[in-house]
Amino acid sequence: MNKAHPLAWHAALTSVSYHQRNWLQDRGSLTRRIQDRCAHFCVKRVFQSLSKVYGDELDVMGLRANELAMVREVYLYCGNTPVVFAHSVVAHKNLRGAWRGLSGLGNKSLGTVLFTNPRIERTPLEFKKVSQGHFLYDRACAKLSTKPAHLWARRSLFTLHGQSILVTEVFLPAILDLPL
């Protein structure tokens, strides 16, 4: 039996509970869905800078190994509890184009921008189970007192005027405490 490449992302989910699947496969605004289930929602930016991107993001973004991109990382909170870690990548050259407003978002939700413009197109979701040693797991667990064995992540490209932003969302354990 062939094992999947460790960097591979998958179009389908396997071995996922109904509750997890319901969150992971929803193609609407994750921000809006959490806001609808949470009395006190907020976004807290933890990183934003021009940076090199990770190996499995290069091909998706069409970037060369040393090409810089704007990387933005935030936590979505329900009250004082982080429920999602989001990691977004946009090519440096596209910060002057379709995604020029990204640098000024601060603690505002990127999802609000992405889901209010009908011209933005989204690719199908890809999924990955990440664990210790994977950059997404390590970054996402930074705010967790107890680290789970693994976390589920999903990603997709949002494109406007031929320019894309890669949005990856890592679902933290507390997301399962919110109602479907």
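None of these values were measured; they are calculated from a predicted model. Counting of residues starts from 1 at the beginning of each chain's written sequence and follows it residue by residue. In keeping with the model being predicted, local features are shown solely for residues with a pLDDT of at least 70 and side-chain atom pairs are shown and tallied solely at 80 or more, while totals for entire chains, interfaces and linings include all residues. To get the side-chain values, take all heavy atoms of the structure and skip hydrogens and water.

## Overview of the environment of R45
Here is step 1 of the chain: Each helix corresponds to a stretch of at least 4 residues labelled H or I by DSSP, and each strand to a stretch of at least 2 residues labelled E; elements are numbered beginning at the N terminus. Among the secondary structure elements, R45 is positioned in strand β1 (residues 41–51).
Here is step 2 of the chain: For the pair R45 and V16, spaced 29 residues apart in the sequence, the C-alpha separation amounts to 29 Å.
Here is step 3 of the chain: Beyond its immediate sequence surroundings of up to four residues, R45 is in contact with R72, E73, V74, S103, G106 and N107.
Here is step 4 of the chain: Here a polar contact means two N or O atoms within 3.5 Å. Within protein one must be a hydrogen donor candidate and the other an acceptor candidate, and residues neighboring in sequence count only if both atoms are side-chain atoms. Among the polar contacts made by the side chain of R45, one reaches the side chain of Q48 at a distance of 3.4 Å. Throughout, a residue-residue contact means that at least one pair of heavy atoms, one from each residue, lies within 4.5 Å.

## So, the pattern of salt bridges
Here is step 1 of the chain: Any Lys or Arg side-chain nitrogen found within 4 Å of a carboxyl oxygen on Asp or Glu counts as a salt bridge. According to the stated counting rule, one finds seven salt bridges in the structure shown.
Here is step 2 of the chain: In this structure, the salt-bridge partner of D36 is R32, at a minimum N-O distance of 3.9 Å. Separated by four residues within a single helix, D36 and R32 lie in helix α2 (residues 30–36), roughly one turn from each other.
Here is step 3 of the chain: E126 serves as the salt-bridge partner of R155, at 2.9 Å between the closest nitrogen and oxygen. Of this pair, R155 sits in strand β6 (residues 150–160) while E126 sits in strand β5 (residues 126–131), placing them 29 residues apart in sequence.
Here is step 4 of the chain: Throughout, exposure labels follow a simple rule: accessible area from a 1.4 Å probe, protein chains only, divided by the maximum for the residue type, with under 20% read as buried, over 50% as exposed, and the rest as partly exposed. On the basis of relative accessible area, R155 is assigned to the buried category, the value being 4%.
Here is step 5 of the chain: Of the residues examined, E126 reaches a relative accessible area of 28% and is grouped as partly exposed.
Here is step 6 of the chain: One salt-bridge network, in which partners are shared between bridges, spans D56, E126 and R155.

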